[in-house]
Amino acid sequence: MTHGMFGRVGVIMGGTSAEREVSLRTGEGVAMALEERGHDVVRISYGAATRGIDELIRAANIDVAFLALHGRGGEDGCIQGLLELFGIPYTGSSVLASALAMDKLKAKELFRLHNVPTPPYYVAGESDLADLEDVHGSFGFPAIVKPRSEGSSVGLTKATTMSELQAGIELALAHDKHALVERFIKATEVHVGMLNGRVLGAIEVVPKSGLYDYRSKYTSGMTEYICPPRLPATRVRGVMNLAERAVRALGCTGACRVDLLVTEGENEYVLEVNTLPGMTPTSLLPKIAQSADIEYGALCEMILDSATLHNAKPMRESARPSSVVFVGQEESQPLGRRAAG
Ligand SMILES: Nc1ncnc2c1ncn2[C@@H]1O[C@H](COP(=O)(O)OP(=O)(O)O)[C@@H](O)[C@H]1O
Ligand SMILES: [Mg+2]
């Protein structure tokens, strides 16, 4: 296979976000699959108590980073920025695209700019709680309340009354400075898997509770997954097309998963783009890939293959050094050497 092509692969996992546990499972799954395929893998697991992630990455002496992180710090452009400075290619989207996708408000603003339909919404902060009736106005119920930048349905609730809305916003604000209040869309939920801007396939998600919340996501038996979705072929094509447009609107690359809602009428809405989707062997992206005859290990390798630096200045042929050395391989190299060169 591609044995040895990438050198030493660092699978970075754990982190300090609300999705730490999922990340550890993603990381272990990916690391094992890459090892089975003959790659030289080093697990880089970190948390609040470990030493700095920058030190860990430099000490690991890696040529490429496979990001198995989710949520804040790992999926939002922070780690991506560190790896850009180190000159270590990484999987997933660029600093900018990662940050935009993680920020549900900025993502929605871009969706609207690019005519990608997304549920109607408004933003609520601490100061809105005092006169919430006025703020909410004629927005109506039911509404979905979520933190501006979280994942895995952490802090997400459905509100059908003013007091539930109040409680929902308070909960969301415990996770973030802003809450997003969205129109609740009664719809079929479809997730589309993408790799390098192309659609891998789609899966229908049917949570028994009606809402794909944290429990539905991570308790086995709480959600049914149907692949391909039970929708007419033309509808599925429409959804896939919309997913492609959503990914393009934010500039995401590598592997992504787009969450969409498809109503019984004519409407389709994009909820969000996940730039580092769950990659445990039973996660949705691997399930979607499976339906396209791509095995878990092969998918991990395809994602690894897509690892790149995004911010590196293209060098003129004459200015290119005779041998390129990744900064991450030489611990003594100062930060930013690559950018300066
Ligand atoms: N506007 C909405 N209408 C109906 N259901 C929603 C809406 N927003 C979110 N949901 C439900 O909540 C889940 C999580 O929302 P999502 O926006 O994807 O955030 P997260 O980052 O937590 O996954 C969705 O998969 C869906 O089941
Ligand atoms: Mg989601």
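Up top is the structure these notes are about.
A brief look at the structure comes next. From a predicted model like this one, the values you see are computed outputs, not experimental measurements. The written sequence of each chain sets the order in which its residues are numbered from 1. Labels are handed out in written order, letters beginning with A for the chains and numbers beginning with 1 for the ligands. Local features in this predicted model are restricted to residues of pLDDT 70 or higher, and side-chain atom pairs are both shown and tallied only at a pLDDT of 80 or more, whereas totals for entire chains, interfaces and linings draw on every residue.

What follows is about the overall build of the protein chain. Working definition: helices are DSSP H or I runs of at least four residues, strands are E runs of at least two. Numbering for both runs from the N terminus. The helix and strand inventory of the protein chain stands at 12 helices and 12 strands. Counting every position in the protein chain, which comprises 341 residues, the buried fraction comes to 45%. Throughout, a pair of residues is in contact if the C-beta atoms placed from their backbones lie within 7 Å. For the protein chain, the share of sequence-separated contacts (at least 6 apart) that also reach a separation of at least 24 residues comes to 68%. Here the C-beta atoms are placed from the backbone, and a residue counts as buried if at least 20 other C-beta atoms lie within 10 Å of its own, exposed if 12 or fewer do, and partly exposed otherwise.

This part takes up the sheet that holds strand 5 (residues 143–147). Read from one edge of the open sheet, 4 strands run 4-7-5-6, paired in antiparallel fashion. With one partner strand each, in any of the chains shown, strand 4 (121–124) and strand 6 (157–159) form the two edges of the open sheet. Averaged over all pairs of adjacent strands, the angle between their axes in this sheet comes to 25°, without regard to strand direction. Between any two strands, at least two bridges found by DSSP are needed for them to pair. As judged from the 5 bridges shared by strand 5 and strand 7 (residues 179–183), these two strands associate in the antiparallel manner. Bridge pairing in strand 7 places I144 opposite E182. Axes here mean lines fitted to C-alpha atoms, for a helix over just the part in contact, with angles spanning 0 to 180 degrees between N-to-C directions. Set on the sheet, helix 7 (residues 162–173) makes contact with strand 4, strand 5, strand 6 and strand 7; between it and strand 5 the angle comes to about 20°.

In the sheet, strand 8 (residues 188–195) pairs with strand 9 (residues 198–207) via 7 bridges, with the strands oriented antiparallel. The residue of strand 9 that forms the bridge with E189 is V205. Hairpin connection, strand 8 to strand 9: the antiparallel pair is bridged by 2 residues, and N196 has positive phi, about 55°. Across 4 bridges, the pairing between strand 9 and strand 10 (residues 223–226) is antiparallel.

Using the backbone to place each C-beta atom, any residue with that atom within 6 Å of a molecule or strand is considered near it. The local shell around ligand 1 holds 19 residues, among which P119, S153, E182, I185 and Y212 are the closest. Residue assignment for the shell around ligand 1 shows that the elements contributing at least two residues are strand 5, strand 7, strand 11 (255–262) and strand 12 (268–274). Each residue is assigned to one class: nonpolar for Ala, Val, Leu, Ile, Met, Phe, Trp, Tyr, Cys and Pro, charged for Asp, Glu, Lys and Arg, and polar for all the others, Gly among them. Taken together, the residues of the shell around ligand 1 sort by class into 9 nonpolar, 3 polar and 7 charged. Boundary definitions for the domains trace back to an automatic or database domain assignment. A domain-level breakdown of the shell around ligand 1 finds at least three residues from each of domain 2 (120–183) and domain 3 (186–275).

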